[in-house]
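Topology and contacts: notes
Single-letter residue listing:
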Amino acid sequence: MLTGTRILFSLITVAAVIGGYLGLSRLQPEKGAIDVIYGILQLFVLGNPLFDEPRVIPWFLNAARFALPAVTAYAIFETGRIIATEQARWLKRRVTYGHTVVAGETTLANAVVSFLAKQGVNVIQVAGPVDAVSLRDAGISRADELIACADHIQDPWVNLAIALEAAEIERNGRPLKVRAQVSDAALAFTARSLGMTQATKVSVRFFNVEELAAAALAGNEGHHQDIAILGLQEFGGALLVELARSWRKRQPREPLNVTVVDEHASARLERLTATHEVIGETCAITTVDGTHLPAGNTFSRVYVCYQDEAKALNAALTASGLWPSETGGLVVRLDRLAGISRAFNGTGRLLDDMKGRLRIISVVDLASSAMVGDHGDSDEQIARAIHERYLTQQLAHQVGMGSKPAMTVWEELSEDMRDANRAQAAGIREKLDRIGCTIVVRDPSLPAFSYRDDELEQLAILEHDRWMQDKIAAGWVYAAERNDALKHHNSMVPWDKLSEVEREKDRDAVRNVPELLAEVGLQPVRLAR
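A brief report on the enclosed structure follows. (Residues numbered from 1 in each chain as written. Predicted model: local features only at pLDDT ≥ 70, side-chain atom pairs only at ≥ 80, totals over all residues. Heavy atoms only, no water.)

1. Notes on the pattern of salt bridges
- Across all of its chains, the model carries 30 salt bridges by this definition.
- For Arg245, the salt bridge identified is with Glu242, shortest N-O distance 3.1 Å. Here the residue Arg245 and the residue Glu242 both occupy positions in helix α9 (residues 234-250), the gap between them amounting to three residues, near one helical turn.
- Of the residues examined, Glu242 reaches a relative accessible area of 16% and is grouped as buried.
- Ionic pairing is found between Arg507 and Glu504, a salt bridge with its closest N-O pair at 2.9 Å. Taken as a pair, Arg507 and Glu504 lie in helix α19 (residues 500-511) at a separation of three residues, close to a single helical turn.
- Judged by its relative accessible area of 8%, Arg507 falls in the buried class.
- Judged by relative accessible area, which is 29%, Glu504 ranks as partly exposed. (Salt bridge = Lys/Arg side-chain N within 4 Å of Asp/Glu carboxyl O. Helix = DSSP H or I, 4+ residues; strand = E, 2+ residues; numbered from the N terminus. Buried < 20%, exposed > 50% of the residue type's maximum accessible area, 1.4 Å probe, protein only.)

Structure, rendered in structure tokens:
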């Protein structure tokens, strides 16, 4: 409506200026062009003395003498409205607390802002150059989260620089969670191994769009045992890992049958499997070092994941042997060309979607949807793995699902219990630091990690102390009998007074660290002294 009003007044202005010029030229033929233009300018502010005396005025000049002041009034109103809007926006940024700041004006940044706003998240976008001044104007000192997804094509480290700018701004006591986009998946993976730390002021997590999108897609897929993946580059590789993780939770006794088609399928699969044990543990994989699936295969899902979007579309539309019988069974990953999906299922549909079999997914849309939650976050994945191990151990001791609050799947676990697992995951680096170790991307060529001498006992005591502090902070107190409703716990005692059964639980938490890190493709290593 506002745009239409502006267009209308622009047309009125042009018509009135023309009418004014013609009218003034007729009434004062002796005046030159400059004087006539000056007279038109006077019309804007009701200041032309020509109308002080009675005379016959052409109708078009009469229209101009009223239209141009109206244009002036509208311009004043519009200017005031813009100033008031900017002042209101500035004031809102000054008083907003607990919001999310999105840095950048890329396609991803715009999609993230749109998605978070629809979810009811209070979000402020920083467009243009992102520096300390613009971050302060966005209220970064009072924000809960910063998502840095500026244009990284020219500078792959621009989002890390934004995170550093934010970290150096004095905060009002609120911790800041930073998510920084890294364009290269391998680089993002390595960065996460270095960034697994629980900072008191700012915690930084690195994400890659392809990995986020793959995690979001895998989380929404159903039970499909026979699948094919065409293209094992960034998105295809990440999707294989996420599908393998999902399968292990759903059908641990049966393999996930996967056919991988890629010109370098064997080499890429070998690298993936070396980093992510879950692939070898859960999948029965057939590799095709080429571009075509062998004839005679039947799949319930086919994922076309080529980074080359034209190649992906061509493979999906021309290879009829790929088309599964299920609705949405042929999934095609697109990025820049994602808008083409409207040609298949939009209101202006132009092409057949193969009776509903074809499903085009947008990397940007999937990644932006994954910003709500902790998809791709190493600590979150480890926290889930901690809970899954707990369930496995309890089931082995004949403790039934649902028999107590903790005996349930992660998605149904209370937020307090999820936070307890997250805190344990976040404390892993501190424990390893105590014994001169760090975390790196998993490398099978490195020697297997093992604890030395009294390290296990030392870290078990540290784990118990961490657990105690978390419980105290959450309002728990010691009692001879445990009562979760009253926040009473009988294990809230010093290590030397703890029962051997409870001590063993803390030792198990330390023993499991190498396996937990392996869940996300990481491993502990000792630093040379």
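2. Looking at the sheet that holds strand β7 (residues 256-262)
- Strand order in this open sheet of six strands is β8-β7-β6-β9-β10-β11, and the pairing throughout is parallel. For this open sheet the edge positions go to β8 (283-289) and β11 (358-362), each flanked by a neighbour on one side alone. Put simply, the sheet's adjacent strands are angled 20 degrees from each other on average, direction ignored.
- Across the face of the sheet, α9 comes into contact with β6 (226-230), β7, β8, β9 (301-304), β10 (330-334) and β11 while running at roughly 175 degrees to β7.
- Taken strand by strand, helix α10 (residues 265-275) contacts β7 and β8, and its axis lies near 145 degrees from that of β8. (Pairing = 2+ DSSP bridges. Axes fitted to C-alpha atoms, helices over the stretch in contact; angles between N-to-C directions. Contact = heavy atoms within 4.5 Å.)

3. Overview of the sheet that holds strand β5 (residues 202-207)
- With parallel pairing, five strands are arranged side by side in an open sheet as β2-β1-β3-β4-β5. In the strand order of this sheet, the two ends are held by β2 (123-126) and β5, each with one partner. For this sheet the average axis-to-axis angle between neighbouring strands, irrespective of direction, equals 20 degrees.
- Where strand β4 (residues 176-181) and β5 come together, six bridges link them in parallel fashion. By the bridge assignment, Leu176 is partnered in β5 with Val202.

4. Describing the layout of surface pockets
- One number sums up the size of the largest pocket: a volume of about 1,600 Å³.
- Around the largest pocket, the lining is made up of 44 residues, and of these Tyr390, Ala420, Asn421, Trp467 and Arg482 lie nearest the centre.
- Mapped onto the lining of the largest pocket, the elements with two or more residues apiece are α15 (378-396), α16 (415-426), α18 (455-473) and α19. (1 Å grid on protein atoms, 1.4 Å probe; cavity = no way out; pocket = protein on both sides within 12 Å on 5 of 7 lines; lining within 4 Å. Points joined across faces, edges and corners; volume = space filled by probe spheres on them.)

5. Remarks on empty space enclosed by the protein
- Counted by the stated rule, this structure contains four cavities of 30 Å³ or more.
- Space inside the largest cavity adds up to approximately 90 Å³.
- Residue lining of the largest cavity: Glu221, Gly222, His223, His224, Ile227, Leu243, Ser246, Trp247, Arg250, Leu256 and Tyr303, and that is the complete set.
- Sorting elements by how many residues they give to the lining of the largest cavity places α9 first, with four residues.
- A class-by-class count of the residues in the lining of the largest cavity yields five nonpolar, four polar and two charged. (Nonpolar A, V, L, I, M, F, W, Y, C, P; charged D, E, K, R; others polar.)

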